[in-house]
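# Residue-level structural notes
Residue strings, one per chain:
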Amino acid sequence: MSEEIKTLTISVYTENNIGLLNRISAIFQRRHINIESLTTSQSEIENVNRFVIVVNITEIQAKKIVGQIEKQVEVIKAYYHDDHETIYTESCMFKIKSDLLFDEPQIQNIIKESNTRIVTVNREFFVLEKSGRRHEIEALRKELNVFGIMQFVRSGRIAVTKDEMKITELLAQIKN
């Protein structure tokens, strides 16, 4: 197991209970580990939620943290993976003054070249949406920043593993 710090994605399958997010984040806080991104959603299994947590830590730390997370009563299973083992993306939205869309042809070129989607346009502003890797989103933000961004928001990472995680089989075993 490597002692090299790298970006790891921790996936946690849980029941949907109040207070669990606080307890999971406290596990990282106690170890002085910053959570780079955290996303929660319904998983592929009905009534089971999934946390996707991105951290920069060693595999040794990840193994310990996954063990601590799995001690939580509502946690069904936790896994960690490096970037080579996952397919991941993030999404973002930009709100920009509408007159720039028509007055600055360079913005139209940026939109086309970056595969960005126009979500809405009105007299005051337009909204762009972009999905991709963080470095792509950051590069787009830098390009658009020159024109003035009214608002910007980026989601946390969403990820699926390249290999099957076999969580469905695990739940079937628990039910039987």
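Not measured: the values here are computed from a predicted model. (Residues numbered from 1 in each chain as written. Predicted model: local features only at pLDDT ≥ 70, side-chain atom pairs only at ≥ 80, totals over all residues. Heavy atoms only, no water.)

So, on to a positive patch on the surface. Together, Arg-30, Arg-31, Lys-64 and Lys-71 give the surface a local cluster of positive charge. Structurally, Arg-31 is set in the loop between helix 1 (20–30) and strand 2 (35–42). Residue Arg-31 is classed as partly exposed on the basis of its relative accessible area, which comes to 32%. (Patch = residues over 30% accessible without salt bridge, like charges linked within 9 Å, V, L, I, M, F, W, Y side chains within 5 Å. Areas by Shrake-Rupley, 256 points an atom, 1.4 Å probe, with all protein chains shown as cover. Salt bridge = Lys/Arg side-chain N within 4 Å of Asp/Glu carboxyl O. Lys, Arg positive; Asp, Glu negative; His and termini not counted. Charge placed at Lys NZ, Arg CZ, Asp CG, Glu CD. Helix = DSSP H or I, 4+ residues; strand = E, 2+ residues; numbered from the N terminus. Buried < 20%, exposed > 50% of the residue type's maximum accessible area, 1.4 Å probe, protein only.)

A few words on unusual backbone geometry. Positive phi values are uncommon outside glycine, yet Asn-47 reaches one of about 65 degrees. Considering the arrangement of structural elements, one finds Asn-47 in the loop between strand 2 and strand 3 (49–57). Residue Asn-47 is classed as exposed on the basis of its relative accessible area, which comes to 62%. The phi dihedral of Asn-115 is positive, around 55 degrees, even though this residue is not glycine. Note that Asn-115 resides in the loop between helix 4 (105–113) and strand 6 (117–121).

Strand order in the open sheet formed by four strands is 2-3-1-4, with antiparallel pairing between adjacent strands. In the strand order of this sheet, the two ends are held by strand 2 and strand 4 (75–82), each with one partner. In this sheet, neighbouring strand axes are inclined to one another by 15 degrees on average, regardless of whether the strands run parallel or antiparallel. Contacts from helix 1 reach strand 1 (6–14), strand 2, strand 3 and strand 4, with the element oriented near 15 degrees to strand 3. (Pairing = 2+ DSSP bridges. Axes fitted to C-alpha atoms, helices over the stretch in contact; angles between N-to-C directions. Contact = heavy atoms within 4.5 Å.)

Bringing a negative patch on the surface into the picture now. A cluster of acidic residues, Glu-85, Asp-163, Glu-164 and Glu-169, forms a negative patch at the surface. With relative accessibility at 56%, the residue Glu-164 sits in the exposed group.

Here helix 5 (residues 134–145) spans 16 Å end to end across 12 residues, near enough to the 16 Å set by a 1.5 Å rise per residue. Where helix 5 is concerned, the buried positions are Ile-137, Leu-140 and Leu-144. Considered in projection along helix 5, the buried side chains sweep an arc of 65 degrees and stay on one side of the axis. Facing away from the buried side of helix 5, by more than 90 degrees, are the exposed residues His-135 and Lys-142. Those residues of helix 5 that are buried lie in contact with strand 5 (86–97), helix 4, strand 7 (125–132) and strand 8 (151–154). (Expected span 1.5 Å × (residues − 1). Arc of directions from axis to C-beta.)

Further remarks concern the pattern of salt bridges. Evaluated as defined, the whole model comprises 10 salt bridges. Among the salt bridges present, the one from Lys-77 reaches Glu-70, with a minimum N-O distance of 3.3 Å. Looking at Lys-77, the relative accessible area reads 27%, which means it is partly exposed. The residue Arg-141 makes a salt bridge to Glu-138 at a minimum N-O spacing of 2.6 Å. Here Glu-138 and Arg-141 lie together in helix 5, a separation of three residues that amounts to about one turn. Since its relative accessible area comes to 25%, Arg-141 is described here as partly exposed.

That's the geometry; what it means functionally is another story.
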